[in-house]
Amino acid sequence: ASVGIGVPVLGDVNADGYVNLQDIEPFSAVLLGVDADPGRQSRSNINQDSFVDGLDIAEFTGLLLAQ
């Protein structure tokens with residue numbers, strides 16, 4: 001999904017405006033605790049429960065498959 005500039009998109013971890021395969025690596029880095037960037041963490045928290053964890057994986061996968 002593409003949106004206007006400055007609008008965060010859940011799942012668009014690399015902030016290029018799209019949720020696609022290029023978001024998998026940065027999502028994994030946030031999930032594993034390797035990347036602590038607040039913006040990427042926010043876009044990785046798909047279920048919006050304040051944590052990036054296993055509960056976000058299925059929803060992230062769903063966003064990828066919807067593309």
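A few points on the structure. (Residues numbered from 1 in each chain as written. Predicted model: local features only at pLDDT ≥ 70, side-chain atom pairs only at ≥ 80, totals over all residues. Heavy atoms only, no water.)

Describing the overall build of the protein
For step 1, the next point in the chain: Per the secondary structure count, the protein includes 3 helices and 0 strands.
For step 2, the next point in the chain: The secondary structure elements of the protein, listed N-terminal to C-terminal, are α-α-α.
For step 3, the next point in the chain: The 67 residues of the protein split such that 28% are buried.
For step 4, the next point in the chain: Sequence separation of 24 or more characterises 40% of the internal contacts of the protein that already satisfy a separation of 6 or more.
For step 5, the next point in the chain: Of the accessible surface of the protein, which amounts to about 4100 Å², a share of 61% is contributed by carbon and sulfur atoms. (Helix = DSSP H or I, 4+ residues; strand = E, 2+ residues; numbered from the N terminus. Buried < 20%, exposed > 50% of the residue type's maximum accessible area, 1.4 Å probe, protein only. Contact = heavy atoms within 4.5 Å. Areas by Shrake-Rupley, 256 points an atom, 1.4 Å probe, with all protein chains shown as cover.)

Here we look at helix H3 (residues 54-65)
For step 1, the next point in the chain: Taking 1.5 Å per residue as the helical rise, H3 with its 12 residues ought to reach 16 Å, and the 17 Å between its terminal C-alpha atoms agrees with that figure.
For step 2, the next point in the chain: Burial in H3 covers these residues: Asp56, Phe60 and Leu64. Looking straight down H3, one finds its buried side chains confined to an arc of 75 degrees; they lie on one side. Exposed side chains of H3 directed beyond 90 degrees from the buried face belong to Leu55, Ala58 and Leu65. (Expected span 1.5 Å × (residues − 1). Arc of directions from axis to C-beta.)

Overview of the packing of helix H1 (residues 24-31) against H3
For step 1, the next point in the chain: Between H1 and H3, the least distance of the axes is 11 Å, while the angle of their chain directions is 170 degrees. Considering their axes alone, H1 and H3 lie roughly antiparallel with respect to each other. On H3, the residues that touch Ile24, Phe27 and Leu31 of H1 are Gly54, Asp56, Ile57, Phe60 and Leu64.
For step 2, the next point in the chain: Within the contact of H1 with H3, the residues separate by chemical class into 6 nonpolar, 1 polar and 1 charged. (Axes fitted to C-alpha atoms, helices over the stretch in contact; angles between N-to-C directions. Parallel < 35°, antiparallel > 145°, perpendicular 65-115°, else oblique. Nonpolar A, V, L, I, M, F, W, Y, C, P; charged D, E, K, R; others polar.)

A word on the packing of aromatic side chains
For step 1, the next point in the chain: Under the criterion given, the structure shown has 1 aromatic pair.
For step 2, the next point in the chain: Centroid distance Phe27 to Phe60: 4.0 Å. Interplanar angle 10 degrees. Geometry classified as stacked. Placement of Phe27 in helix H1 and of Phe60 in helix H3 is noted, with a sequence separation of 33 residues between them.
For step 3, the next point in the chain: What makes Phe60 buried here is its relative accessible area of 4%. (Phe/Tyr/Trp six-rings, centres within 6.5 Å; stacked < 30°, edge-to-face > 60°.)

Observations concerning the pattern of salt bridges
For step 1, the next point in the chain: A full pass over the atoms with the stated rule returns 2 salt bridges.
For step 2, the next point in the chain: The shortest N-O distance in the salt bridge between Asp35 and Arg40 comes to 2.5 Å.
For step 3, the next point in the chain: Between Arg40 and Asp37 there is a salt bridge, with the nearest N and O atoms lying 3.8 Å from each other.
For step 4, the next point in the chain: Taking relative accessible area as the criterion, Asp37 reaches 27% and is therefore assigned partly exposed.
For step 5, the next point in the chain: Here the salt bridges do not stand alone but share partners, grouping Asp35, Asp37 and Arg40 into one network. (Salt bridge = Lys/Arg side-chain N within 4 Å of Asp/Glu carboxyl O.)

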